[in-house]
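So the chains spell out like this:
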Amino acid sequence: MITTTAVAFILLAFGLAFLGWRFLRAFRKVHTREPKSRVGFLLGLCFFATALHNGILGFGTLFFATSPGALSLVSIIAYPFLVI
């Protein structure tokens, strides 16, 4: 069974990963006054961590839509990436 939630989470994960990748590339081209600034890296990491979280939820929902126990395990596995 394919759910719309799974498709939405997977598409959101791909979109966030693409935005994170483009943001990191754009930030490397900008010359800032402070060369040791890690702001771009941290914002890119936020995009990638959120994309990974949504990807885990999307594929978990796609494969385990009929198993409530597995869905709760998928949620537990995905949430540490939000802590990052």
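Conventions used here
- Residues numbered from 1 in each chain as written.
- Predicted model: local features only at pLDDT ≥ 70, side-chain atom pairs only at ≥ 80, totals over all residues.
- Heavy atoms only, no water.
- Phe/Tyr/Trp six-rings, centres within 6.5 Å; stacked < 30°, edge-to-face > 60°.
- Helix = DSSP H or I, 4+ residues; strand = E, 2+ residues; numbered from the N terminus.
- Buried < 20%, exposed > 50% of the residue type's maximum accessible area, 1.4 Å probe, protein only.
- Contact = heavy atoms within 4.5 Å.
- Axes fitted to C-alpha atoms, helices over the stretch in contact; angles between N-to-C directions.
- Parallel < 35°, antiparallel > 145°, perpendicular 65-115°, else oblique.
- Left-handed = near helix turned anticlockwise from the far one by under 90°.
- Nonpolar A, V, L, I, M, F, W, Y, C, P; charged D, E, K, R; others polar.

Draft legend 1. Spotlight on the packing of aromatic side chains. Applying the stated criterion across every chain yields a total of three aromatic pairs. On the numbers, 6.2 Å between centres and 50° between planes, the contact of Phe 23 with Phe 47 is tilted. You can see Phe 23 sitting in helix H1 (residues 4–29) and its partner Phe 47 sitting in helix H2 (residues 39–63), a full 24 residues away along the chain. Here Phe 47 falls in the partly exposed class, since its relative accessible area comes to 28%.

Draft legend 2. Up close: the environment of Val 74. Looking at the secondary structure, you find Val 74 in helix H3 (residues 68–78). Remark: the alpha-carbon pair of Val 74 and Phe 18, spanning 56 residues in sequence, is separated by 23 Å. Sequence-distant contacts of Val 74, that is, excluding residues within four places in its chain, are made with Ile 56, Leu 57, Gly 60 and Phe 64.

Draft legend 3. Layout of the packing of H1 against H2. Interaxial distance between H1 and H2 falls to 7 Å at its minimum, and their mutual angle equals 165°. By the angle between their axes, H1 is roughly antiparallel relative to H2. With respect to the hand of their crossing, H1 and H2 are arranged in left-handed fashion. Classifying every residue of the contact of H1 with H2 gives 21 nonpolar, nine polar and no charged.

Draft legend 4. Spatial organisation of the side chain of His 53. By secondary structure assignment, the location of His 53 is in helix H2. A residue is classified by how much of its surface remains accessible, and His 53, at 6% relative accessible area, is buried. Setting aside anything within four residues of it in sequence, one finds His 53 in contact with Ala 78, Tyr 79, Phe 81 and Leu 82.

Draft legend 5. Here's a closer look at the environment of Gly 69. Take Gly 69: it is sitting in helix H3. C-alpha separation for the pair Gly 69 and Arg 22, spaced 47 residues apart in sequence, amounts to 37 Å.

Draft legend 6. How the structure looks around the packing of H2 against H3. Where H2 meets H3, the axes come as close as 9 Å, and the angle between the chain directions of the two elements is 170°. When the axis of H2 is compared with that of H3, the two are roughly antiparallel. Counted together, His 53, Ile 56, Leu 57, Gly 60 and Thr 61 of H2 and Leu 71, Val 74, Ser 75, Ile 77 and Ala 78 of H3 form the full contact between these two elements. The residue makeup of the contact of H2 with H3, split by class, is six nonpolar, four polar and no charged.

Fair warning: the whole summary comes from geometry, so function is off the table for now.
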